[in-house]
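The primary structure of each chain is shown beneath.
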Amino acid sequence: MPRRNKQARLQLKAARQNKSGKITHKATWIIRDNGRDVSTGCSADEIAVAEEKLKNYLASKHAPERRVRHIDDIAVADLLSIYLEARLDKLHERFNVNTANEDAVADIRKFKKRIERLNEWWGAKMLGELNGEACRLYAKMRGNKGGSRRDLEDLRAAIRYHAAEGYHRAIVKVSLPERGQPRDKWLTRGDTARLIWTCWRYREMQKRSRQSTDVVKVPTNKRPLRHLARFILLGIYSGTRAGAIAAASPVPAIGRSYIDLERGRYYRLKQGSIQTNKRQPTVPIPLRLLAHLRRWHRIDPAAKHFVEYNGKAIRSVKTAFKSAVRRAGLGRGISPQTLRHTAATWLMQRGSDPWQAAGYLGMSLEVLLNTYGHHHPDYLADAVDKIAMRGPQSGRRVRVSGVVSGAAIRPKDEAR
């Protein structure tokens, strides 16, 4: 009777010595797979790294079936593997690996982590076992309501992709935890001015010399936060996401967001990139911001980006922005995304037309009104006026506009 093949496993390969007893090769971990040895390059004390290598080896060996099957015969691990491969291809194409910034790399890393977390819980289960109770158990295990919802959204997307490819035909629904309340953190004009001036005036502090025992630091001529002043102005006046601000350039090129200084247009979608659900429409540039941009270009016409640090395009401002917020004394909960929230809030507070504001910011009208509509000076004003009226209104006809999910902007009266 033939022997049953053993599963791939780790094995410590003993150290080798020469005739004089001197160690020529240290003990290392190898992967034994049906008579085949695969080196991990890990020494005897690197067991954790070796186990990770084994895990990756087993994952690379497994090729999920790509044919129509019943959901009771489809392992969730196969479904996640197919989706991971397809999604990574799209992410690398979208971010353009040659010009990818740190935020893009972080997004890909977070996506892989979510798939790995899903695989640990769901991988051994069959697709037919997925139901509302199982989803609630996962959310309870995860402990984080927002995090579990994000994970399960990926699982739902993987199932939809698997079905769209024709690999299963039954309907499988994923039960998601309730969505949390949207963030409403924004900056006042005073907060914004303080943050910009902090970035512009801050000077790096250093000791007088490396050999000095004096712990007192003195200001230098280095200005490590000045590039953030430009970043903040672009974010506040355009409401653009951080990635498009970092890529903003006076010169059109693949992987850059182009700002046409002559016509005053901001082409926020990077050239060569595909439009996604995060809308990045072309918009006119406010005159005040356009004046800044033209001045920056006159100062350094050779610069390829409007926001640069040490002559190079910025990859991420998260660390520097956090430092600037702390030095400006603005408290917690403020990030580069807060600039976009601030732009939307200011547009509403100034009574901007919701339809035009949504188009300018690159978000849907429903999201704008549900999240920022209460800042509008006419928010529910018509209802407030009419609730105290003594009798029914007569002689006038009202045209209702801007009503989405309970966030109503004051309607305009029309005479008969």
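In the nomenclature of an unreviewed UniProt entry, the chain corresponds to Site-specific integrase from the organism Bradyrhizobium zhengyangense.

Another aspect to go through is the overall build of the chain. Counting secondary structure elements, the chain contains 14 helices and 17 strands. Counting only residues that meet the buried cut, the chain has 38% of its 416 residues in that class. Once local pairs closer than 6 in sequence are excluded, the contacts in the chain between residues at least 24 apart make up 57%. Of the roughly 26,200 Å² of accessible surface on the chain, a fraction of 50% belongs to carbon and sulfur atoms.

In spatial order, the strands read S1-S4-S5; together these three strands make up an open sheet with antiparallel pairing. Two strands in the sheet have a free side with no partner beyond their single neighbour: strand S1 (9-13) and strand S5 (36-43). Shown here is a sheet whose adjacent strand axes are inclined to one another by a mean of 35°, direction ignored. Examined bridge by bridge, S1 and strand S4 (residues 28-33) share five bridges and lie antiparallel to one another. Paired with Gln11 across the two strands is Ile30, which belongs to S4.

Let us look at the pattern of salt bridges. Inspection of the entire model under this criterion finds 12 salt bridges. One salt bridge connects Arg149 with Glu153, and the closest N-O pair in it is separated by 3.4 Å. Placement of both Arg149 and Glu153 in helix H5 (residues 145-164) is noted, with a separation of four residues, approximately one turn of the helix. Neither Arg149 nor Glu153 differs from the other in exposure class; each is buried.

Taken in spatial order, the four strands line up as S8-S9-S10-S11 in an open sheet, and their pairing is mixed. Every interior strand has two partners, whereas the edge strands, strand S8 (248-249) and strand S11 (283-284), have only one. The pairing of strand S10 (residues 265-267) with S11 spans two bridges and is classified as antiparallel. From the neighbouring strand, Tyr266 faces S11, where its bridge partner is Val283.

Glancing now at the nonpolar core. Grouped together as the largest cluster of nonpolar side chains are 49 residues, with contacts concentrated most on Leu195, Leu228, Leu234, Ile259, Tyr266, Leu293 and Leu368. Put simply, the parts of the chain that give this core at least two residues each are helix H6 (189-201), helix H7 (226-238), helix H8 (242-246), helix H9 (287-299), helix H10 (318-328), helix H11 (336-349), helix H12 (354-361) and helix H13 (365-372). Ignoring any residue separated from it by four or fewer positions in sequence, one finds Ile259 in contact with Leu234, Ala248, Ser249, Pro250, Arg265, Tyr266, Ile285, Leu293 and Phe306. Counting 24 residues, the second largest nonpolar core, distinct from the first, contains Leu79, Ala134, Tyr138 and Ala158.

Rules of the game
Residues numbered from 1 in each chain as written. Predicted model: local features only at pLDDT ≥ 70, side-chain atom pairs only at ≥ 80, totals over all residues. Heavy atoms only, no water. Helix = DSSP H or I, 4+ residues; strand = E, 2+ residues; numbered from the N terminus. Buried < 20%, exposed > 50% of the residue type's maximum accessible area, 1.4 Å probe, protein only. Contact = heavy atoms within 4.5 Å. Areas by Shrake-Rupley, 256 points an atom, 1.4 Å probe, with all protein chains shown as cover. Pairing = 2+ DSSP bridges. Axes fitted to C-alpha atoms, helices over the stretch in contact; angles between N-to-C directions. Salt bridge = Lys/Arg side-chain N within 4 Å of Asp/Glu carboxyl O. Core = buried A, V, L, I, M, F, W, Y, C linked by side-chain atoms within 4.5 Å.

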